[in-house]
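# Fold and contact review
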Amino acid sequence: MKRRLHLAMIFLLILNLTYFSFAQSETEGARPSINLKPALGFEFFSRTVSGDGDDENIYSSKLKSLLFTLNLEFEVQEGLFLGLLLGYSSSNYDGMAFRELPFSVELDVGGIGGYLFGGEIKKDLISQGNFEIGLFGQFAFCLGVKNEWEIGTLNVPGKVEGKPIWMRAVAGPLITYQGLDYFYPYLFLSFNYLWGTFEMDETVQTLKGNEKKKFSGEALFGISLGTIYELTDAVKLRGEASIFPYSKGIDFGFRINVAYAF
């Protein structure tokens, strides 16, 4: 509950800053122009997740997800960017166990497909020398496709059906170095919260059972190093590597995308 409260406070701060800046522009008589920048991207992350609420510390496993994304970014005002995130994911939940079904199940099925939706917001705040400081926030929602698997370890026919959902909320300061031509390295320090559910139904002859597992990421913060390279005036290539430290280790992720500005 405390995690969600902190998250809400961070996003309210970003939205308030954004609204104040936008309202100030309208008050001054400036009419915002909208510029479109679509981007195709590839992302991978590996995050340690564990039980939430009453299930806390009962299990721990890895959520590994491969994302293919389309981002539509709009500059609605100078220094203010809003983005729409769409995509497809393949997420691996192997190692997650369900012990409350008629027969216990531990996932070992590989990647499970899902559809990705979300939004982003970026606000440039100040420039100091060759450095630019801003705020960035993202919310992503991945709706997994319902899958069915046969239980091969029993002497009688049986099956399980599973449907996962995961969500990610990210917010924090973005520091970009602009002292180089066509090459802009940056540091992103983020509150990075991952959580979700996996609902499993089991049917073995006349026996039926349902278990809904809640999980959340062990790491709450991320450190990302990346760079933006201008291939042309209109085409930009971005690469980024991230680590997510927590009490028992470090998770990681990386992403690459290509953006075209109209």
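Predicted model only: the values in this text are computed from it and were never measured.

Detail in the predicted coordinates should be disregarded across regions flagged by low pLDDT. Within the chain, residue pLDDT values average 86, and 84% of them lie at 70 or more. Residue range residues 5–32 is modelled with pLDDT below 50. Its contacts to residues more than four positions away, or to other chains, number 30 contacts.

On to the environment of Val-109. Tracing the chain through its elements places Val-109 in the loop between strand 5 (105–106) and strand 6 (111–128). Spatially, the C-alpha atoms of Val-109 and Tyr-93 are 8.1 Å apart, while their sequence positions differ by 16 residues. With near-sequence residues (within four places) excluded, Val-109 lies in contact with Asp-94 and Trp-149.

This next bit is on the packing of aromatic side chains. This structure, assessed with the given rule, holds 15 aromatic pairs. Judged by centre distance (4.9 Å) and plane angle (15°), the ring pair of Tyr-193 and Trp-195 falls under stacked. For the pair Tyr-193 and Trp-195, one class covers both residues: buried. Site record: aromatic cluster; members linked through ring pairs are Phe-42, Phe-44, Phe-68, Phe-252 and Phe-254. Over the face of the ring belonging to Phe-244 we find Arg-47, whose NZ or CZ atom lies 4.4 Å from the ring centre. Sitting over the face of the ring of Phe-98, Lys-213 holds its NZ or CZ atom 5.8 Å from the ring centroid.

Now for the side chain of Asn-257. Among the structural elements, Asn-257 can be located in strand 14 (residues 249–260). On the accessibility criterion, Asn-257 (13% relative accessible area) is buried. Excluding residues that lie within four positions of it along the chain, Asn-257 makes contacts with Leu-40, Gly-41, Lys-236, Leu-237 and Arg-238.

Among the nonpolar cores identified, the biggest contains 24 residues, and Leu-63, Tyr-93, Met-96, Trp-166, Phe-198 and Met-200 are the most heavily contacted of them. Breaking this core down by element, the ones donating at least two residues are strand 1 (35–51), strand 2 (60–77), strand 6, strand 7 (131–144), strand 9 (158–177) and strand 10 (183–204). No other element matches the 4 residues that strand 10 contributes to this core. Apart from the residues lying within four places of it in its own chain, the contact partners of Tyr-93 are Lys-62, Leu-63, Leu-107, Ile-112, Pro-164, Trp-166, Phe-198 and Phe-215. Residues Phe-136, Val-170, Tyr-186 and Ile-228 belong to the second largest nonpolar core, which totals 6 residues.

Time to look at the pairing of strand 11 (residues 207–217). For a regular strand, side chains alternate in direction, first toward one face of the sheet and then toward the other. Relative to strand 11, strand 1 runs antiparallel, the two being bridged by 3 bridges. Residue pairing in the sheet places Val-49 in a bridge with Gly-217 of strand 11. Alignment of strand 10 against strand 11, held across 10 bridges, turns out to be antiparallel. Counterpart to Met-200 in the pairing with strand 11 is Glu-211. Linking strand 10 back to strand 11 in an antiparallel pair, the connection comprises 2 residues, with Gln-205 at a positive phi of about 50°.

Scanning all chains against the criterion turns up 10 salt bridges. The salt bridge partner of Asp-124 is Lys-122, with a shortest N-O separation of 3.4 Å. Residue Asp-124 is classed as partly exposed on the basis of its relative accessible area, which comes to 22%.

With that out of the way, let us pick up the environment of Arg-99. One can find Arg-99 in the loop between strand 4 (97–98) and strand 5. For the pair Arg-99 and Glu-211, spaced 112 residues apart in the sequence, the C-alpha separation amounts to 8.4 Å. Filtering out sequence-adjacent residues up to four positions away, Arg-99 remains in contact with Ser-104, Glu-106 and Glu-211.

Criteria and thresholds
Residues numbered from 1 in each chain as written. Predicted model: local features only at pLDDT ≥ 70, side-chain atom pairs only at ≥ 80, totals over all residues. Heavy atoms only, no water. pLDDT = per-residue confidence, 0-100. Contact = heavy atoms within 4.5 Å. Helix = DSSP H or I, 4+ residues; strand = E, 2+ residues; numbered from the N terminus. Phe/Tyr/Trp six-rings, centres within 6.5 Å; stacked < 30°, edge-to-face > 60°. Buried < 20%, exposed > 50% of the residue type's maximum accessible area, 1.4 Å probe, protein only. Lys NZ or Arg CZ within 6 Å of the ring centre and 35° of its normal. Core = buried A, V, L, I, M, F, W, Y, C linked by side-chain atoms within 4.5 Å. Pairing = 2+ DSSP bridges. Salt bridge = Lys/Arg side-chain N within 4 Å of Asp/Glu carboxyl O.

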